[in-house]
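# Results of the structural survey
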Protein chains: 2
Amino acid sequence: MANIAKKVSWSGRGDDRGERTPLLNGDEEVKNNRQLSGGGIFHIGRLSTVDLEEEITPEEDIVRSRPKEIPHNEKLLSLKFESLDYDNSENQLFLEEERRMSHMGFRCLEIRRWVICGLIGFLTGLIACMIDIAVEKLAGYKYFAVKQNIEKYTELGGLSISLILWAVLNSAFVMFGAIAVAFVEPIAAGSGIPQIKCFLNGVKIPRVVRLKTLVIKVFGVICSVAGGLAVGKEGPMIHSGAVMAAGVSQGRSTSLKKDFKIFEYFRRDTEKRDFVSAGAAAGVSAAFGAPVGGVLFSLEEGASFWNQLLTWRIFFASMVSTFTLNFFLSIYHGKPGELSSPGLINFGRFDSDSVQYNLYEIPLFIIMGALGGVLGALFNIINYWLTIFRIRYIHRPCLQVMEAMLVAAVTATVSFAMIYFSNDCQPLGQDKAEEYPLQLFCADGEYNSMATAFFNTPERSVRSLFHNPPGTYNPVTLGVFTLAYFFLAVWTYGLTVSAGVFIPSLLIGAAWGRLFGILLSFIASSQSIWADPGKYALIGAAAQLGGIVRMTLSLTVIMIEATGNVTYGFPIMLVLMTAKIVGDYFIEGLYDIHIKLQSVPFLHWDAPPTSHWLTAREVMSSPVTCFNRVEKVGRIVDVLSNTSTIHNGFPVVAHTSENDEPGKICGLILRSQLIVLLKHKVFVERASSRLSQRKLQLKDFRDAYPRFPPIQSIHVSQDERECMMDLTEFMNPTPYTVPQETSLPRVFKLFRALGLRHLVVVDNENRVVGLVTRKDLARYHVGKDGLEELHLAQT
Amino acid sequence: MANIAKKVSWSGRGDDRGERTPLLNGDEEVKNNRQLSGGGIFHIGRLSTVDLEEEITPEEDIVRSRPKEIPHNEKLLSLKFESLDYDNSENQLFLEEERRMSHMGFRCLEIRRWVICGLIGFLTGLIACMIDIAVEKLAGYKYFAVKQNIEKYTELGGLSISLILWAVLNSAFVMFGAIAVAFVEPIAAGSGIPQIKCFLNGVKIPRVVRLKTLVIKVFGVICSVAGGLAVGKEGPMIHSGAVMAAGVSQGRSTSLKKDFKIFEYFRRDTEKRDFVSAGAAAGVSAAFGAPVGGVLFSLEEGASFWNQLLTWRIFFASMVSTFTLNFFLSIYHGKPGELSSPGLINFGRFDSDSVQYNLYEIPLFIIMGALGGVLGALFNIINYWLTIFRIRYIHRPCLQVMEAMLVAAVTATVSFAMIYFSNDCQPLGQDKAEEYPLQLFCADGEYNSMATAFFNTPERSVRSLFHNPPGTYNPVTLGVFTLAYFFLAVWTYGLTVSAGVFIPSLLIGAAWGRLFGILLSFIASSQSIWADPGKYALIGAAAQLGGIVRMTLSLTVIMIEATGNVTYGFPIMLVLMTAKIVGDYFIEGLYDIHIKLQSVPFLHWDAPPTSHWLTAREVMSSPVTCFNRVEKVGRIVDVLSNTSTIHNGFPVVAHTSENDEPGKICGLILRSQLIVLLKHKVFVERASSRLSQRKLQLKDFRDAYPRFPPIQSIHVSQDERECMMDLTEFMNPTPYTVPQETSLPRVFKLFRALGLRHLVVVDNENRVVGLVTRKDLARYHVGKDGLEELHLAQT
């Protein structure tokens, strides 16, 4: 088993800290190992403890750097991922604070939330602006140098020198980016959208919203785009916005080790999630100039419970972000105050008067949508196998850097070869639309048309495909380009560099869409209506992107906003629908594939429709480790340090009797709360005594959030082990419960709508009989032969 | 008390059916009258029974036509409104059906949902198209006739004849509309948006989604717009779409007494709500050409639990609706297949190149937003007092018709006077932008500028204010127009005609916004940037509309989509935010005022922030009327026919002991289910016997939905009263419960997120101690001095 089971992790390195032996003696064999036996297959000797802290202490780093073989399989569900607590623990401390607060206090909080959202939007816009300018500058220098060189050697002969120069320049840029990602912060690889999706879904992905990740991400994306890879800078913006939001809203940074002592009220998962939604929306908004699309993206990926005020705040952040980006870019471009240009990618205006569609074109659009679905599925399948290959064989950072450099060099070579061998010369227009027209072997006053597609940032290429007048591209050029770029893009996604897949997808789609349009005008006799292949390029771009990522509403709106034209809304929607239906027939969307390969317990919108025959009784984990209202410190420490269990929530019961009969529920307490209690030694000598209580405040919990220390770092003396802890005022006295007979869809709905982490299952006497967590629900999914159950694994 | 307490009802007539004495002897005095004593003030002798059916039998009509004085007060919460069941009752029948269904079956259902959404969009688009064409034709004839007349009498003298002609034409149109509304279907009055808001919020408003309502609504709105009232046809479109959706999705019509035997699966509140959301979105989409805005409107007003697939379906309906409207209008306008024009109102294109805004204009926009907030609040306050006045003195249908005719005549007179006395002559443009240029006393080749504002459908006036070149309007004209139209619009909203408030608001705002722009260009020295008052008209329109209706995200998106320009997104958002903040300081939004005046138990997004000190124990109603698992038929009949209680949900308990100790909960059954059981006489002879059960199917419940017969229509013999009913397989065995200590915000969150109707409160032994319903939660709201509690009243 072990030899086929290899390491898979977004962080790209063995991040398992299960080597340490517990510092304390776990004297109690906890019964609760149903989840492990439920998983059944993978009993791995070295089990990880709970990933409660994310700081890396030196001795851990040694452990980390040794790659460890762990199983990967999309039919598994990893137990290493924790959930976020989107349900407030309404314990006495919390309620007292809320009750103390006046109406004015709540209003101030609300104002603070708005200020934070404004800040998030502003900073996200700034980052987008910075990335844009940096990429433009660097790519400009690069293309200028290569162009000079090519022009020099076109006459002299020896263009291979130009090729080498180009390849070396590309590889160098990519190398810096890949080194930063692979060695410093592996989580910064890729677009970050799957990770943000998981975060908003309620799964804690370690280190995903940290400042260090942001810095590496920004640096990495600049390097990879400037390095000429088939990537875009838009996806990473979404991640950047989310990190910004998490940082600003907490008023402190762990990476900088600085606490500004502000916004302390917002230091809990509920509030943080809301701000991260706003950040992601601001990122989309900056990337595509699509504030409404940003809001819808956040809602589509994240929110389960829609709240009007929250949405309005998210929209504010989005708007501020676009505004900031436009404002600074307008200054940079020397037209200060001209705020009308959209985000990072500008599709250019589709003037509704000149480019119209007609009723009889709609079937054509649907065919294009289906084509996009098929091509998207092909993209995803190839990328899936490539990812599996990478997981097995390319998991060392230096190998990863080398692969990235190789791809960069190959990209340059392929581009060069295609430019070299293409004979597609086009007359140089009056308006000098091309930034770097490459004459090469063309006659004077002409330029190489293939070069405009490759010798350009991908954003510019998309724009030319949309807007260049008919006849600009030769069909063969477009066909070859589509093919080459398709495979380059497939190969590139998943490299250890920061990069997005939006722009390459759009570019591929725009290329074959334009080709489709050109072919149509060959076939059709009447030239007039098919005259403009630009609109087919747009539809093709939508189809291809939809076929790959399978986003729905938000993508439609993003496309509408980016084209600045509502007219194409209906065809774009049809195309995206078709692409999704066709694509889903073959394989899932790209982000979902990568989420599944990570075995993340991702909760979808609804329970599988055919799951009504399952009830809470079958789904729940049992028996449950419970605590008494007043519990012995020793037992708590033992339970928490037991490495064979990874429970984070413990029902508190009235009094567990000695026999196995479960106790009546009276609350729920979290591991993190217990850790803080143990750390502050909130003990009483005997069960009856009530001394030395109440020295803890909500502030103590907030200070520890979100990186609570591990149980191993807390030293409890043998005397203290005999003390008691009164959990009454720290536990949540009113956890949500369901009876055992509740059907899975009903449990699912409650769990998903309220963003729960633990749902207690009780019998009709209100006794705890089980606990439903995210993994218990995410396990069930609809496969080819009806309902399937994923295995759980301690990876 | 009684002499100040008058009738208030959306239906405009005494609709209280409390006169009937129960047909069966209620031998048991139900203890549960806490809600009445909680209300405290209003002990009204004649209590209404539950409004379980909406059919009007002849003897009821007699009762209805007698206006009855009932208290109205915005500090009251009416008990007459029922909730909708957005939580599926997962009883055995339901579960068995779901379990029998294959994966393919669920897929077919999904396809059926899509088909229904497509149909909804198509039909809504058709209705919009019909209204548009009818209004254009009728208004065209009217203006043509009046114009001819005026031109004739301008030379001859005796323009008073023209005035009379105009006034009579207006009044005649309005009379037809008002008669239809007042005498046939009073619920069709107004825009219908408050009613749809309530429906989506989960409150059952009788007769609001019936075909008859739709017919009257469409007829009414054509009459009132053609009648020249200060109204728009956009609001009613939302209502029309919703009715369409409710009708199509149920596959039958009560008004037509026809059951098509299709879509039977969707005959429950959960599914119906989803389709009504889609219908409302399709209505917005058709009205403003704003499919995304439509989706957001539905979500903002209705959804609590966001579901990706549902949203995508709603979006589909919206898109189809806009598409249908465009398609048919394009045929009507003789340009078939030209699909690029937006919805009913077309703001015209704001070309982003010519009309830009600059950073230093943003403070000006914010000032305009504040102004809009103040003017909007003034509008709402005046309309509030007017509504109170109408409730007290104008509640007879004939009075209502007369008032509407009076307003129509006054509108014509004011318009005429203003045109007559204004000396604002403008040269006739080359492009003949004005449809009916009125020369009046102007020189040849000139036209009266005031007349363009009045002598036009409001939609056209808005468009001219946005787009006419600078200098078209004289400031004095605009000022007088604003003032006159403001008061006309205030007076008009709330009349017994079908009409919306969107367009009048936009028109008022556009007028003062343009005035603002013109004044600015007088003040500023540099003419260049302030040159175009059109953009100030747009901002003013947004500010005024935002100040009146206080919608946020959806309104921003609607405005963006209607202008077809993303550039103005940021200023429009700022303006709407400012208008809302300023307006909220004075009074609530117009729709909320009207909802409050109806004492509807409307649930907002969150519990009041300062309500953490309240717990379920304080909030709940208790004691609760419970049933045993196997209950005597006589007792059920007695409880249901007890007119002093209006309970719709009954917890089922294991066995209520003889003493007062409450029983352990084992399920929840609804009045509607019991009614069906009684109707089908699902009785057993003795408690132990299990014969004659299981003849009932889910189909029987669906056939009865949504108009279950009243208990009085079911005759139970004395023998049958001694039989038993086994509720086990019909009750929902897993109702959601909360412990008594749960805080109000937590209860609220559960209730709102899951769309519950009944939430059972249990003690720690799982015994039923109380029941939380919508009224118990809607009672609490934040007033001037902190948390306030509304009184409950049996109105």
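Here is a short report on the structure shown in this document.

Reading guide: rules and limits
Residues numbered from 1 in each chain as written. Chains lettered and ligands numbered in written order. Predicted model: local features only at pLDDT ≥ 70, side-chain atom pairs only at ≥ 80, totals over all residues. Heavy atoms only, no water. Pairing = 2+ DSSP bridges. Helix = DSSP H or I, 4+ residues; strand = E, 2+ residues; numbered from the N terminus. Core = buried A, V, L, I, M, F, W, Y, C linked by side-chain atoms within 4.5 Å. Buried < 20%, exposed > 50% of the residue type's maximum accessible area, 1.4 Å probe, protein only. Contact = heavy atoms within 4.5 Å. Buried area = accessible area lost by both parts, 1.4 Å probe. Salt bridge = Lys/Arg side-chain N within 4 Å of Asp/Glu carboxyl O. Polar contact = N/O pair within 3.5 Å; in protein donor to acceptor, adjacent residues only side chain to side chain. Nonpolar A, V, L, I, M, F, W, Y, C, P; charged D, E, K, R; others polar. Axes fitted to C-alpha atoms, helices over the stretch in contact; angles between N-to-C directions. Parallel < 35°, antiparallel > 145°, perpendicular 65-115°, else oblique. Left-handed = near helix turned anticlockwise from the far one by under 90°. Phe/Tyr/Trp six-rings, centres within 6.5 Å; stacked < 30°, edge-to-face > 60°. Lys NZ or Arg CZ within 6 Å of the ring centre and 35° of its normal.

A few words on the pairing of strand β16 (residues 780-783) of chain B. Residues and elements named next belong to chain B. Two elements, β16 and strand β17 (residues 786-789), share four bridges in a ladder whose sense is antiparallel. Following the sheet pairing, V782 is matched in β17 by L787. The hairpin formed by β16 and β17 contains two residues between the paired strands.

What follows covers unusual backbone geometry. All names here are of chain A. Cis geometry is found at the peptide bond from S622 to P623, where omega equals -5°. Tracing the chain through its elements places P623 in the loop between α23 (616-619) and β8 (627-628). Of note, N766 is a non-glycine position whose phi angle comes to about 70°, a positive value. Along the chain, N766 falls in the loop between β14 (758-762) and β15 (768-773).

Quick look at the nonpolar core now. Core analysis: the largest hydrophobic core is formed by 319 residues, its most contacted members being F379(A), F570(A), F379(B) and F570(B). No other element matches the 17 residues that helix α4 (residues 103-156) of chain A contributes to this core. Counting 56 residues, the second-largest nonpolar core is a separate cluster that includes V619(A), Y736(B), L744(B) and L754(B).

The next thing to look at is the interface of chain A and chain B. A common measure of how large an interface is: the accessible area buried when the components associate. Counting residues at the interface gives 84 residues for chain A, matched by 85 residues for chain B. Carbon and sulfur atoms make up 66% of the area that chain A and chain B hide from each other, which totals about 8100 Å². Inspection of the chain A/chain B interface yields six salt bridges. For the salt bridge of D87(B) with R746(A), the shortest nitrogen-to-oxygen distance reads 3.1 Å. Taken together, chain A and chain B are joined by 19 residue pairs in polar contact (both at pLDDT 80 or more). Going through the elements one at a time, α3 (92-100), α4, α10 (291-301), α11 (308-332), α20 (553-563), α21 (569-586), β13 (737-739) and α28 (744-754) of chain A are the ones with two or more residues in the side of chain A that touches chain B. Of the residues forming the side of chain A that touches chain B, the biggest block, nine residues, is contributed by α11(A). Looking at the side of chain A that touches chain B residue by residue, the classes come out as 41 nonpolar, 27 polar and 16 charged.

All names here are of chain B. Packing of helix α16 (residues 475-492) against helix α17 (residues 502-523) brings their axes to within 9 Å, and their N-to-C directions diverge by 155°. As judged from the angle between their axes, α16 and α17 are roughly antiparallel. Here the hand of the crossing between α16 and α17 comes out left-handed. Contact residues: P475, L478, G479, F481, T482, Y485, F486 and A489 in α16; P504, L507, I508, A511, W512, R514, L515, I518 and F522 in α17. For the contact of α16 with α17, the class distribution of residues is 14 nonpolar, two polar and one charged.

Glancing now at the pattern of salt bridges. All names here are of chain A. All told, the structure shown has 62 salt bridges over all chains when counted by the stated rule. The closest approach of N and O atoms between D638 and R721, which form a salt bridge, is 2.7 Å. Of this pair, D638 sits in helix α24 (residues 633-641) while R721 is found in helix α27 (residues 718-721), placing the two residues 83 residues apart along the sequence. Each member of the pair, D638 together with R721, is buried. In this structure, the salt-bridge partner of R779 is E789, at a minimum N-O distance of 3.0 Å. Taken as a pair, R779 in the loop between α29 (774-778) and β16 (780-783) and E789 in strand β17 (residues 786-789) lie far apart in primary sequence, 10 residues in all. On the accessibility criterion, E789 (45% relative accessible area) is partly exposed.

For the structure on display, the rule yields 42 aromatic pairs over all chains. When the ring of F122(A) is compared with that of F328(A), the centres are 6.2 Å apart and the planes differ by 65°; the resulting orientation is edge-to-face. Of this pair, F122(A) sits in helix α4 while F328(A) sits in helix α11, and the two are 206 residues apart along the sequence. Residue F122(A) is classed as partly exposed on the basis of its relative accessible area of 33%. An angle of 65° between the planes, with centres 5.3 Å apart, marks the rings of W114(B) and F316(B) as edge-to-face. Of this pair, W114(B) sits in helix α4 (residues 103-156) while F316(B) is found in helix α11 (residues 308-332), placing the two residues 202 residues apart along the sequence. Side by side, W114(B) and F316(B) carry an identical accessibility label, which is buried. Each residue in the set F122(A), F323(A), F327(A), F328(A) and F570(B) is aromatic and connected to the rest through ring pairs, giving one cluster. Over the aromatic face of W605(B) sits the side chain of R752(B), whose NZ or CZ is 4.6 Å from the ring centroid.

All names here are of chain A. If you trace the three strands from one edge of the open sheet to the other, you get β8-β10-β11, paired in mixed fashion. The open sheet has two free edges, formed respectively by β8 and β11 (665-670), since each of these has just one partner strand. Relative to β11, strand β10 (residues 649-653) runs antiparallel, the two being bridged by five bridges. Paired with P651 across the two strands is L668, which belongs to β11. Each of β8, β10 and β11 is contacted by helix α25 (residues 671-679), which is oriented at about 75° to β11, the strand it contacts most.

Remember that the coordinates give geometry; whether it matters functionally is a separate question.
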